[in-house]
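Coordinate analysis (summary)
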Amino acid sequence: MTMLFNDSVALAPSRDLAAGEDSVRRLLIVGIGLQLALAIPSLIALGIDERLLNDISVWSKPLKFQASLALMLGTLLLLLPLIEPRTRAGRGVWLASLTAVVTASGEILYITLQAARGRASHFNDSTPFEAMAYSVMGAGAALLVLSSLVIGVYILMRPRPGAPTGLRLGGGWGLVLGSVATLFTAFALGSGEIGGRGHWVGGVRTDLGGLPLFGWSRSGGDLRVPHFFATHIMQALPLLGLGLDRFAPGLARPGILVGALVSIGVVVATFVQAVQGQPFL
Amino acid sequence: MSPDTVFSLASSTAMLGWLLLILAPRWEALIRFIRFGLIGALSLTYAVLIFVYFFRVEGGGFGSIAEVRTLFMDDPVLVAGWVHYLAFDLFIGTWIAVEADKRGYNRLLQAPMLVATFMFGPLGLLLFCLTRATETVLEPRKA
């Protein structure tokens, strides 16, 4: 990975450029560190805490969010070198990264706190504080995907000269499409307008007996499925681009186009499936 | 694991750290082991106890003696509080040892400060800081 993303040979950045880039990298790395630092005690707590929410461990949700937020910040960190150095060291990229890290940290701190309190974080309006926190989380989540959208646009508009086509298009479009699709699916999920409050549509309103690892409902629709596929376009397309650059560089453009269409297709299909109350598997 | 088991495991862990700190040579690797191994393990234990048990205590909190007493009436949270002492005291002890070595304090004179920190935390810290202040006055170092 490092070899592929390493651009140090191509240019000799001035001191300011290096410092600007370094501060962005450090933001993201500290953000990832905080997620992992919370994940370790959460994982042990999962093994010993007998408290349940929706019939599964209260620690199941923080662990999923810690893993996926660490993955998201890590994706931004790895894709950053695709941006042209001057832009990368500039204020826009820094502000987007700061927004991503602050909102991701805020989300996980509240989700972890609520797990420790044995209470729900999402869909919980039962006290004024929790109602306020839930709406702040909504705003934070919107800002979080907005920041990955901005990084994606930077990669597409201001790529580093010589950036491999597949990775550049996969990284840029992955972040853009992943962010937009997440915005739609997550807010459809959070609105509570489909199938009532919560992620279930029909079926038994429990998380017990869900799909292994993912926990998605097997008795009815689950709006977390399209959210998952939407969000992880951010990883799927860059990985596809990486593969195309390596094995079929001539097909990089059409390959990413097909990958993007398939990704959107999967999101739409799983969304329709969930809305109709059908389990994913 | 019962609160009693956690209590004695944590106490043994801290005791090992203090013995090393007071008696063993100040190898870099040893200091690192105390910091990241022993204090790390104590901190992780504390974090898990807080994650799992802290918020279950009805009427617990930090705002009044009654709230704090309520917390300490609960065994897992009482153990968490104890582990908090153990972890932080050992951390301070390690800092004192490293700082005292840097200033060339004899190990025989370091020992009472470390024992005081082991037994009574801030009392040992106070001893070290006042000693260091005295030393600074009597022998000002060149910047």
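Within any chain, residue numbers begin from 1 and follow the written order of that chain's sequence. In the order they appear in the text, chains get letters beginning with A and ligands get numbers beginning with 1. Only residues with pLDDT of at least 70 are given local features in this predicted model, and only at 80 or more are side-chain atom pairs given and counted; all residues enter the totals for whole chains, interfaces and linings.

1. Describing the overall build of chain B
The helix and strand inventory of chain B stands at six helices and zero strands. Start at the N end of chain B and walk to the C end: the helices and strands fall as α-α-α-α-α-α. Projected onto its principal axes, the C-alpha positions of chain B cover 55 × 35 × 25 Å. Around each residue's C-beta, the other C-beta atoms within 10 Å are counted; 20 or more make the residue buried, 12 or fewer make it exposed, and counts in between make it partly exposed. All C-beta atoms are placed from the backbone. Burial status across chain B gives 27% buried among its 143 residues. Excluding contacts between residues fewer than 6 apart, the proportion of contacts in chain B whose partners are at least 24 apart in sequence is 64%. Helix and strand assignments come from DSSP, with helices taken as H or I runs of at least 4 residues and strands as E runs of at least 2, each series counted from the N terminus. Any residue pair is listed as a contact if its two C-beta atoms, each placed from the backbone, are within 7 Å.

2. Points about the overall build of chain A
The helix and strand inventory of chain A stands at ten helices and four strands. Beginning at the N terminus, the succession of helices and strands in chain A can be written as α-α-β-β-α-α-α-α-α-β-β-α-α-α. Atoms counted for the radius of gyration: C-alpha only. Globule rule: 2.2 Å times residue count to the power 0.38. For 281 residues, the compact-globule estimate of 2.2 N^0.38 gives 19 Å, and the C-alpha radius of gyration of chain A, at 20 Å, lies within 12% of that figure. Summarising its shape, the C-alpha atoms of chain A cover approximately 55 × 35 × 30 Å along the three principal directions.

3. Description of the interface of chain B and chain A
With eight residues of chain B at the contact, the number on the chain A side is ten residues. Side-chain classes follow a simple rule in which Ala, Val, Leu, Ile, Met, Phe, Trp, Tyr, Cys and Pro form the nonpolar group, Asp, Glu, Lys and Arg form the charged group, and the remainder, Gly included, forms the polar group. The class makeup of the residues in the side of chain B that touches chain A is eight nonpolar, no polar and no charged.

4. Considering the domain arrangement of chain A
All names here are of chain A. Domain annotation of chain A identifies domain 1 (1-163) and domain 2 (164-281). One C-alpha centre belongs to domain 1, the other to domain 2, and the line joining them spans 18 Å. Between domain 1 and domain 2, the residue contacts involve 25 residues of the former and 25 residues of the latter. Broken down by element, the side of domain 1 that touches domain 2 gets its largest block of residues, eleven residues, from helix H6 (residues 128-157). Taken together, the residues of the side of domain 1 that touches domain 2 break down into 16 nonpolar, eight polar and one charged. Either an automatic procedure or a domain database provided the assignment from which the domain bounds are taken.

5. Details of the packing of helix H5 (residues 107-120) of chain B against helix H6 (residues 122-138) of chain B
All names here are of chain B. Taken N-terminus to C-terminus, the directions of H5 and H6 make an angle of 150°; their axes are 6 Å apart at the nearest point. If you check the angle between H5 and H6, you find them roughly antiparallel. On H6, the residues touching Met113, Leu114, Ala116, Thr117 and Phe120 of H5 are Leu123, Gly124, Leu125, Leu127 and Phe128. Grouping the amino acids of the contact of H5 with H6 by side-chain chemistry returns eight nonpolar, two polar and no charged. Geometry is summarised by axes, namely lines fitted to C-alpha atoms with helices restricted to the contacting stretch, and by angles between N-to-C directions that run from 0 to 180 degrees. Under this scheme an angle from 65 to 115 degrees is roughly perpendicular, one under 35 degrees roughly parallel, and one over 145 degrees roughly antiparallel; angles in between are oblique.

6. With respect to the UniProt feature "transmembrane region" (unreviewed entry) in chain B
Residue and element names in this part refer to chain B. UniProt positions are given in the numbering used here, feature names are shortened, and annotations may be inferred rather than shown by experiment. Here, the residues flagged by UniProt with the feature "transmembrane region" (unreviewed entry) are residues 6-24, 36-57, 77-98 and 110-133. What you have in residues 36-57 is 82% helix and 0% strand, and the ends, taken at the C-alpha atoms, are 30 Å apart. For residues 110-133, helix accounts for 96% and strand for 0%, while the C-alpha atoms at its two ends are 15 Å apart.

7. A closer look at helix H8 (residues 224-231) of chain A
Residues and elements named next belong to chain A. Where burial is concerned, most of H8 is hidden: seven out of the eight residues are buried. Buried within H8 are the following residues: Arg224, Val225, Pro226, His227, Phe229, Ala230 and Thr231. Packing partners of the buried residues in H8 comprise helix H3 (60-79), helix H7 (165-191), strand S4 (221-222), helix H9 (233-247) and helix H10 (252-275).

8. Focus on the environment of A:Met234
Residue and element names in this part refer to chain A. Tracing the sequence through the fold places Met234 in helix H9. In the structure, Met234 is positioned 59 residues away from Leu175 in sequence and 4.8 Å away in space, judged by C-alpha atoms. The residues touching Met234, leaving out its near neighbours within four places in the chain, are Met72, Thr75, Ser148, Gly174, Leu175 and Gly178.

9. Some thoughts on the environment of B:Pro140
With respect to the element layout, B:Pro140 can be found in the segment after H6. The spacing of B:Pro140 and B:Ala100 is 40 residues in sequence and 16 Å in space, taken between C-alpha atoms.

10. Description of helix H2 (residues 28-53) of chain B
Each full turn of the α-helix corresponds to 3.6 residues, which orients residues three or four apart in the same direction. All names here are of chain B. The end-to-end C-alpha separation of H2 is 36 Å, in line with the 38 Å expected for 26 residues at 1.5 Å each. Bend, in this description, refers to the angle at a residue between axes fitted to the seven residues ending there and the seven starting there. At Gly40, H2 shows its maximal kink, close to 35°. Every buried residue of H2 is listed here: Ile34, Leu38, Ile39, Leu42, Thr45, Tyr46, Ala47, Val48, Leu49, Phe51, Val52 and Tyr53. Between the first and last residue of a helix there are one fewer steps than residues, each counted as 1.5 Å, and that sum is the expected span.

11. Quick notes on the nonpolar core
A general tendency of soluble globular proteins is for nonpolar side chains to be buried together. Think of a nonpolar core as buried Ala, Val, Leu, Ile, Met, Phe, Trp, Tyr and Cys residues chained together by C-beta atoms that fall within 7 Å. In terms of nonpolar packing, the biggest core is built from 96 residues, with A:Leu73, A:Ile151, B:Leu42 and B:Val83 touching the most fellow members. Lining this core are residues from two domains, each supplying at least three of them: domain 1 (1-163) and domain 2 (164-281) of chain A. Those residues in contact with B:Val83, other than ones at most four positions away along the chain, are B:Ala10, B:Leu42, B:Thr45, B:Tyr46 and B:Leu49.

12. Brief notes about the environment of A:Glu130
Residue and element names in this part refer to chain A. With respect to the element layout, Glu130 can be found in helix H6. Take Glu130: there are 18 C-beta atoms within 10 Å of it, and that puts it in the partly exposed class. Along the chain, Glu130 and Arg197 lie 67 residues apart, while their C-alpha atoms are 15 Å from each other. Those residues in contact with Glu130 that sit more than four places away from it in its chain are Asn124 and Asp125.

13. Considering the UniProt feature "transmembrane region" (unreviewed entry) in chain A
Within this numbering scheme, the UniProt entry marks residues 27-48, 63-80, 92-113, 133-157, 169-190 and 256-275 of chain A as carrying the feature "transmembrane region" (unreviewed entry). Helix makes up 100% of residues 169-190 of chain A and strand 0%, with an end-to-end C-alpha separation of 30 Å.

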